[in-house]
Amino acid sequence: RTAALPTYMSAVSCPSSTVCEAVGGAVILRSVNEGARWAVQAVPKSAATASFASLSCPTVSDCVAAGSTSSNSAAVLGTVSGGATWFLEPLPRGLELLGSIGCRLDVGCTAVGYSGSDHAIGIKASSTDPDSQSWKTIALPPAVWPGGVDCATASDCVVTGEAGTTSENGAVAL
């Protein structure tokens, strides 16, 4: 399959020493040979104009990509087949952009971004398996502009980005 590659890839996730997935725009690439060759993966037509900013692959089979569509709605793509098939996941309403996602096999997935009027928002799923994920909205503290997220446990997450009304970078524990 031929696809126009973006000028940059915005995120990469390597669940093993040989397998990596990368995202940039609506393109998802997969390498199974330590990055020597990359193959373009097919995304659903409904995600063809999306822009994916972040990617997390807790296993070589399970990956989740987060970003937004051309109509300013948040989007999450998932696969349980090592990228052979990607599908859009149903999300809570009102999300405009997801800029970062983190998944751990024993914790699930957490994504952060924005909803209406640039209000910070987070969503969380208790499973890394996109087939059984149910995304729920989580509150972020006021005046947090999220840039990244990672969770050590299901209830211990850290969001990085800008906090408060200054331009200093900081971290906020959820």
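Within each chain, residue numbers correspond to sequence positions counted from 1 in written order. Per-residue local features are limited, in this predicted model, to residues with pLDDT of at least 70; the limit for side-chain atom pairs, both in listing and counting, is 80 or more; totals at the level of whole chains, interfaces and linings are taken over all residues. The side-chain numbers reported here are obtained from all heavy atoms of the structure, hydrogens and water having been left aside.

1. Side note on the state of the cysteines
What counts is decided by this rule: In this description, a disulfide is simply a cysteine sulfur pair whose atoms lie within 2.5 Å.
Taken as a whole and judged by the stated rule, the model has four disulfides. Cysteine pairing for the protein (bonded cysteines numbered in sequence order): 1-2, 3-4, 5-6, 7-8.

2. Regarding the sheet that holds strand S2 (residues 20–24)
Two orientations exist for strands paired in a sheet by backbone hydrogen bonds: parallel and antiparallel. Applicable threshold: In this analysis, strands are considered paired if DSSP registers two or more bridges between them. Starting at the N terminus, helices and strands are each numbered in turn, a helix being any DSSP run of H or I of at least four residues and a strand any DSSP run of E of at least two. Axis definition: a line fit to C-alpha positions, over the contact stretch in the case of helices; interaxial angles, taken between N-to-C directions, run 0 to 180 degrees.
Spatial ordering of the open sheet is given by S1-S2-S3-S4, a layout of four strands whose pairing is antiparallel. On the outer flanks of this sheet lie strand S1 (11–13) and strand S4 (39–41), each paired with one strand and no other. Neighbour-to-neighbour, the strand axes of the sheet open up by a mean angle of 25°, direction not taken into account. Across five bridges, S2 lies against strand S3 (residues 27–31) in antiparallel orientation.

3. Some details on the pattern of salt bridges
Operational definition: Any Lys or Arg side-chain nitrogen found within 4 Å of a carboxyl oxygen on Asp or Glu counts as a salt bridge.
Across all of its chains, the model carries two salt bridges by this definition. Taking the shortest distance from any N to any O, the salt bridge between Glu21 and Arg30 comes out at 2.5 Å. Across the salt bridge formed by Arg104 and Asp150, the nearest N and O atoms sit 2.8 Å from each other. Taken as a pair, Arg104 in strand S9 (residues 97–104) and Asp150 in strand S13 (residues 144–151) lie far apart in primary sequence, 46 residues in all.

4. Digging into the confidence of the model for the protein
Put simply, the rule is: By definition, pLDDT measures how confident the predictor is in each residue, and it falls between 0 and 100. Any two residues whose heavy atoms approach within 4.5 Å are treated as being in contact.
For the protein, per-residue confidence averages 81 on the pLDDT scale, and 82% of positions sit at 70 or higher. Predicted confidence is poor over residues 165–174, with pLDDT under 50, and the contacts of this stretch with residues over four places away or in other chains come to 28 contacts.

5. Observations concerning the sheet that holds strand S6 (residues 63–68)
The four strands are arranged S5-S6-S7-S8 in an open sheet whose pairing can be described as antiparallel. Because the sheet does not close on itself, it has two edges, and the strands there are strand S5 (51–56) and strand S8 (87–88). The sheet contact formed by S6 and strand S7 (residues 74–79) spans six bridges and is antiparallel. Each residue of the ladder has a partner; that of Val64, found in S7, is Gly78.

6. A few points about the pairing of S2
Which entries qualify depends on this criterion: To sort residues, take the accessible area from a 1.4 Å probe on protein chains only and compare it with the maximum for the residue type: under 20% means buried, over 50% means exposed, and anything in between is partly exposed.
Counting buried positions over the five residues of S2 gives five, a clear majority of the element. Residues Cys20, Ala22 and Gly24 line one face of S2 and the alternating positions Glu21 and Val23 line the opposite face, and both faces are buried. Relative to S2, S1 runs antiparallel, the two sharing three bridges. Counted as the bridge partner of Ala11 is Val23 from S2. Counted between consecutive antiparallel strands, the loop separating S2 from S3 contains two residues, among which Gly25 sits at a positive phi close to 65°.

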